[in-house]
Amino acid sequence: MTVRKTAMVSYRLLQLAFAAMIVGELFDAWPLAWGWAFVPGGLAFALALAIGRTTPRPKGSDQEPVEVAPPVRGRWSALNSPADKVPSHGTHAYGQTYAIDIVAERDQAGAGAEGEVRAEGGAEAEGPRPGFAAVWPIARRPEAFPAFGESLYAVADATVVRASDWRRDHLSRNSWPALVYLMLLESAVREAGGAGWIVGNHVVLDLGDGVYAMYAHLRHGSLTVRPGDRVRAGQVLAHCGNSGNSTEPHVHFQLMDGPDLDSAAGIPFRWRGVGIPGNGETFTTAATGSTAPTTATAPTTATAPTAATAPTAATAPTAATAPTAATAPTVSTVPTAPTAVSPAAPTDPTATAPAADRA
């Protein structure tokens, strides 16, 4: 077991010890003063900081980005992008250093990312993507978002090494009440459960040469592959969902140097034909697999926190992923859009998050 893996396991055990001591004190089942509970709590916080602010190897600023095909087709917007900040989700945990969250955009006619009009969500699914709400509606069904159900494609010829899609798709967390709940309670519980609970349903591909691709927040039951399968570039792997630490349906994508999220280090990437879209930038990829950036669409005003994934202590709302004070969940979180994963170390308050991650 590597030092980083040991630190992640210790972090979760300390979190559980802290929670157990607090509960024990509430029921007078703990012989020591309640203040002792903050010993494991403080150690967990310190470990979260260390894990989130360090990377298993020297920063990849001198490493050439690995070019792969985009994992989606149609019109999308980027959130929590490494083009604007590294680590993009405010933490190095879970291999999220260069992770990105993307949300599908829909036109007024109700056409989704790939141009079709979906009927599964009914009237609520019509029109553009729902924005972040101050109070109401507190939450929305995942079908209300254009990214939900969109196909996700293999970015290169690869071997599937991990695949999971049994977790449910939950309601969105794109309002302040829901976001507070996500950051203060839900993210902490997910992080204590391990990386799988942060990234939700996910698939990991071995691209060769020590490079692995991870897609987070997949739709429940949507996987078309399983571990051991060989896939070709452009092959459908699954569909976008809202599982794990996510504020709304979005894609949390990252490259890393190993299949284990607890010990992997992030690897910079570039999407063929698109590059690395910045926060708020909209891009379009052709249905054939070739991609072409749309005329630069400037990042819209700050988006609402999504969710995502990445262990870190408090983390900014995002669409794809991560808590702040204590830990931040990733593979994916993003403001405005979903966020991804990002647990483990307190997250940078300036970072935004959607789609995946907080993974």
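Before any of the text, the structure's been laid out above.
So, here's what we can say about the structure. (Residues numbered from 1 in each chain as written. Predicted model: local features only at pLDDT ≥ 70, side-chain atom pairs only at ≥ 80, totals over all residues. Heavy atoms only, no water.)

**Considering the overall build of the protein chain**
- For the protein chain, the helix and strand inventory stands at 4 helices and 14 strands.
- For the protein chain, the residues scored as buried account for 57% of the 359 residues in total.
- For the protein chain, the computed accessible surface area is about 13,500 Å², with 61% contributed by carbon and sulfur atoms. (Helix = DSSP H or I, 4+ residues; strand = E, 2+ residues; numbered from the N terminus. Buried < 20%, exposed > 50% of the residue type's maximum accessible area, 1.4 Å probe, protein only. Areas by Shrake-Rupley, 256 points an atom, 1.4 Å probe, with all protein chains shown as cover.)

**Brief notes about the pairing of strand β2 (residues 74–79)**
- The element β2 is extensively covered by neighbouring structure, given that 5 of its 6 residues are classed as buried.
- As defined by bridge partners, β2 adjoins strand β3 (residues 100–104) across 4 bridges and the pair is classed as antiparallel. Within the sheet, the bridge partner assigned to L79 lies in β3 and is D101. (Pairing = 2+ DSSP bridges.)

**As for the nonpolar core**
- Among the nonpolar cores identified, the biggest contains 35 residues, and I102, V203, L205, L207, Y215, F253 and W271 are the most heavily contacted of them.
- Elements represented by at least two residues in this core include exactly β2, β3, β5 (158–164), β6 (202–208), β7 (211–216), β9 (236–239), β10 (251–256) and β12 (269–271).
- The contacts of W271, once residues within four sequence positions are left out, are V68, A69, P70, P71, I100, I102, F253, P277 and F283.
- The next biggest cluster of nonpolar side chains, apart from the first, holds 13 residues, and it includes A195, I198, V199 and L261. (Core = buried A, V, L, I, M, F, W, Y, C linked by side-chain atoms within 4.5 Å. Contact = heavy atoms within 4.5 Å.)

**Notes on a nonpolar patch on the surface**
- Together, I22, V23, L26, F27 and F38 give the surface a local cluster of nonpolar side chains, amounting to about 530 Å² of exposed area.
- The leading source of residues in the nonpolar patch is helix α1 (residues 3–26), at 3 residues.
- By secondary structure assignment, the location of F38 is in helix α2 (residues 38–53). (Patch = residues over 30% accessible without salt bridge, like charges linked within 9 Å, V, L, I, M, F, W, Y side chains within 5 Å. Salt bridge = Lys/Arg side-chain N within 4 Å of Asp/Glu carboxyl O.)

**Description of α1**
- The first and last C-alpha atoms of α1 sit 35 Å apart over 24 residues, in line with the 34 Å expected at 1.5 Å per residue.
- Buried residues of α1: R4, A7, M8, Y11, R12, L14, Q15, M21 and G24, and no others.
- A positive phi of about 55° marks D28, the residue just after α1. (Expected span 1.5 Å × (residues − 1).)

**A short note on the packing of aromatic side chains**
- This structure, assessed with the given rule, holds 7 aromatic pairs.
- With 5.8 Å between their ring centres and 50° between their planes, F253 and W271 make a pair best called tilted. Remark: W271 occurs in strand β12 and F253 occurs in strand β10; sequence separation between them is 18 residues.
- By relative accessible area, which is 0% here, F253 ends up buried.
- Relative accessible area serves as the criterion here: at 0%, W271 is assigned to the buried category.
- Taken together, the ring pairs connect Y215, F253, F269, W271 and F283 into an aromatic cluster.
- The lysine or arginine in question, R73, covers the ring of Y153, its NZ or CZ lying 4.1 Å from the ring centre.
- The ring centre of W197 lies 4.8 Å from the NZ or CZ of R167, which sits over that ring. (Phe/Tyr/Trp six-rings, centres within 6.5 Å; stacked < 30°, edge-to-face > 60°. Lys NZ or Arg CZ within 6 Å of the ring centre and 35° of its normal.)

**Points about the packing of α1 against helix α3 (residues 176–193)**
- α3 packs onto α1 with a crossing angle of 125° between their chain directions and a minimal axis gap of 8 Å. Of the possible angle classes, the one that applies to α1 and α3 is oblique. Considering only the axes of α1 and α3, their crossing is left-handed. Counting all contacts with α1, which are made through Y11, R12, Q15 and L16, the residues of α3 involved are A188, E191 and A192. (Axes fitted to C-alpha atoms, helices over the stretch in contact; angles between N-to-C directions. Parallel < 35°, antiparallel > 145°, perpendicular 65-115°, else oblique. Left-handed = near helix turned anticlockwise from the far one by under 90°.)

**Description of the environment of P137**
- Mapping P137 onto the fold places it in the loop between β3 and β4 (151–153).
- We classify P137 as partly exposed; its relative accessible area is 21%.
- Put simply, P137 and A178 are 41 residues apart on the chain and 9.6 Å apart in space, counted from C-alpha to C-alpha.

**Comments concerning the pattern of salt bridges**
- Across all of its chains, the model carries 6 salt bridges by this definition.
- Between E67 and R272 there is a salt bridge, with its nearest N and O atoms 3.3 Å apart. In this pair, E67 sits in strand β1 (residues 66–68) while R272 sits in the loop between β12 and β13 (282–285), placing the two residues 205 residues apart along the sequence.
- Using a relative accessible area of 39% as the deciding quantity, one classes E67 as partly exposed.
- On the accessibility criterion, R272 (41% relative accessible area) is partly exposed.
- A salt bridge links E248 to R129; the nearest nitrogen and oxygen atoms lie 2.9 Å apart.

**Points about the environment of A216**
- Assignment of secondary structure puts A216 in strand β7.
- For A216 and G241, which are 25 residues apart along the polypeptide, the C-alpha to C-alpha distance reads 8.7 Å.

**Brief notes about α3**
- Relative to the 26 Å expected for 18 residues at 1.5 Å per residue, α3 spans 24 Å between its end C-alpha atoms, a close match to the ideal helical length.
- Taking the largest bend as the criterion, α3 deviates by roughly 45°, centred on L182.
- Among all positions in α3, only A178, L179, L182, M183, E186, S187, R190 and E191 are buried.
- In the segment just after α3, G194 is the residue with positive phi, at about 110°. (Bend = angle between axes of the 7 residues up to and from the residue.)

**Points about the environment of R226**
- Within the secondary structure, R226 sits in the loop between β7 and β8 (230–231).
- A residue is classified by how much of its surface remains accessible, and R226, at 59% relative accessible area, is exposed.
- For the pair R226 and T159, spaced 67 residues apart in sequence, the C-alpha separation works out to 9.5 Å.

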